[in-house]
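Architecture and fold: a report
What follows is each chain in one-letter form.
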Amino acid sequence: MAAASGPAELGAPRGPARPEPPPTRFHRVHGANIRVDPTGTRATRVESFAHGVCFSSEPLAPGQLFLVEIEEKELGWCGHLRLGLTALDPASLAAVPEFSLPDLVSLGHTWVFAITRHHNRVVQEGHPETEAAPSRPPTLLVEPYLCIEQFRIPRDRLVGRSRPGLYSHLLDQLYELNVLPPTARRSRLGVLFCPLPNGTADMHIVINGEDMGPSAKGLPSAQPLYAVVDVFASTKSVRLVQLEYGLPSLQTLCRLVIQRSVVHRLAIDGLHLPKGLKDFCKYE
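Under an unreviewed UniProt entry, the chain has the name Neuralized E3 ubiquitin protein ligase 2 and belongs to Microcebus murinus. UniProt, in its Pathway (unreviewed entry) section for the chain, records the words "Protein modification; protein ubiquitination."

Focus: the overall build of the chain
When you go through the chain residue by residue, the secondary structure sums to 5 helices and 13 strands. Relative to its full complement of 284 residues, the chain shows a buried share of 49%. Taking the contacts inside the chain whose residues are at least 6 apart along the sequence as the reference set, 70% of them involve residues at least 24 apart. When the accessible surface of the chain is summed, it comes to about 13700 Å², and 58% of that surface belongs to carbon and sulfur atoms.

Some words on the sheet that holds strand β12 (residues 226-230)
In sheet architecture, strand pairing relies on hydrogen bonds along the backbone and comes in two forms, parallel and antiparallel. An order of β3-β12-β5-β6 is seen for the 4 strands of this open sheet, with the pairing classed as antiparallel. Of all the strands in the sheet, just β3 (53-55) and β6 (110-114) have a single pairing partner and so form its edges. Each neighbouring strand pair of the sheet contributes to a mean axis angle of 20°, computed without reference to strand direction. Alignment of strand β5 (residues 82-86) against β12, held across 5 bridges, turns out to be antiparallel. By the bridge assignment for β12, T86 is matched with Y226.

Considering the sheet that holds strand β4 (residues 66-73)
Here 7 strands make up an open sheet; going across it, the order is β1-β2-β13-β4-β9-β10-β11 and the pairing antiparallel. In the strand order of this sheet, the two ends are held by β1 (34-36) and β11 (210-220), each with one partner. Strand-to-strand, the axes of this sheet are offset by a mean angle of 20°, without reference to chain direction. Bridging between β4 and strand β9 (residues 188-195) involves 4 bridges; their strand directions are antiparallel. Each residue of the ladder has a partner; that of E69, found in β9, is R188.

Structural notes on unusual backbone geometry
Here the amide bond leading from L101 into P102 is cis, since omega sits at 5°, within 30 degrees of zero. Secondary-structure assignment places P102 in helix α1 (residues 100-106). Not every positive phi belongs to a glycine, and S48 is a case in point at roughly 60°. In this structure, S48 sits in the loop between β2 (42-45) and β3. Of the residues examined, S48 reaches a relative accessible area of 33% and is grouped as partly exposed. Of note, N208 is a non-glycine position whose phi angle comes to about 50°, a positive value.

Details of a nonpolar patch on the surface
A contiguous nonpolar surface patch, about 570 Å² in accessible area, is contributed by Y167, L170, L171, L174, L177 and V179. Note that L171 resides in helix α3 (residues 168-176). Residue L171 is classed as partly exposed on the basis of its relative accessible area, which comes to 42%.

A closer look at the packing of aromatic side chains
According to the stated counting rule, one finds 5 aromatic pairs in the structure shown. Considering the side-chain rings of F49 and F232, the 6.2 Å spacing of their centres and the 70° angle between planes classify their relative orientation as edge-to-face. Placement of F49 in the loop between β2 and β3 and of F232 in the loop between β12 and β13 (235-241) is noted, with a sequence separation of 183 residues between them. On the basis of relative accessible area, F49 is assigned to the partly exposed category, the value being 30%. With a relative accessible area of 8%, F232 lands in the buried category. Look at F99 and F232: their rings are 6.0 Å apart centre to centre, the planes differ by 75°, and that puts the pair in the edge-to-face class. Note that F99 is positioned in the loop between β5 and α1 and F232 in the loop between β12 and β13, a separation of 133 residues in sequence. Taken together, the aromatic side chains of F49, W77, F99 and F232 make up a single cluster linked through ring pairs. A cation over a ring is seen here: R82 above F232, with NZ or CZ 3.9 Å from the ring centre. One Lys or Arg, R152, reaches over the ring of Y145 and ends 4.3 Å from the middle of that ring.

Basis of the calculations
- Residues numbered from 1 in each chain as written.
- Predicted model: local features only at pLDDT ≥ 70, side-chain atom pairs only at ≥ 80, totals over all residues.
- Heavy atoms only, no water.
- UniProt positions renumbered as here; feature names shortened; annotations may be inferred.
- Helix = DSSP H or I, 4+ residues; strand = E, 2+ residues; numbered from the N terminus.
- Buried < 20%, exposed > 50% of the residue type's maximum accessible area, 1.4 Å probe, protein only.
- Contact = heavy atoms within 4.5 Å.
- Areas by Shrake-Rupley, 256 points an atom, 1.4 Å probe, with all protein chains shown as cover.
- Pairing = 2+ DSSP bridges.
- Axes fitted to C-alpha atoms, helices over the stretch in contact; angles between N-to-C directions.
- Patch = residues over 30% accessible without salt bridge, like charges linked within 9 Å, V, L, I, M, F, W, Y side chains within 5 Å.
- Salt bridge = Lys/Arg side-chain N within 4 Å of Asp/Glu carboxyl O.
- Phe/Tyr/Trp six-rings, centres within 6.5 Å; stacked < 30°, edge-to-face > 60°.
- Lys NZ or Arg CZ within 6 Å of the ring centre and 35° of its normal.

Set out below in structure tokens:
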């Protein structure tokens, strides 16, 4: 397994500021039917329904969210995106398995789940499953951060958004309330791990800004952990969404002010702003 430096922790709610992680990218090793664009941020399955397994280019830092948006869907297949983590170095694989479930998982040191509304959670011993369900604030505007165990992640880009249009301000609320199917087009899904004092880690999956609770426990936090994204069946293409863990950039602050000053995103076209800034405000 290739050596990897231990990345710093991110986004803890208290204590000194942590360094910003590098932008996320897809690994050069991936399934036979996957094509990754030159930027390394978009993965598309070009045929069939399988051989769509992708990995992060680098191991994740503790608390770093590997976030993807579903860009394209393909009718006629049964099944959706699969997401998780692996301690296997993608470069060490003799061949990328056809499926993440069960093929990659059967190689060991891999934790992958099919994305569903009530997807796999670890239920604490002595607690009913209803108590293990994560709490959700009444609106995403209440708290600027999503807190997961000892980490906090800016909510700003965690939630999917509809295509810009006359009714996009209404459709966006469906993503904000997380009432759409979790694998709907333009939904945003992510995976991260949170180390524990006993040397293990919990894996969490986030769907449109909602923490679904720990999906797996006992992960080896001392080992490099790569994100796994299986572009499977009806999910055809995904793109990576970059997050800012420290102070927001001036570009982000400008975007937020502009977006909050218009009724719907089509109104941004009428503002006297550079086209690049308009597009950034409409689509991000």
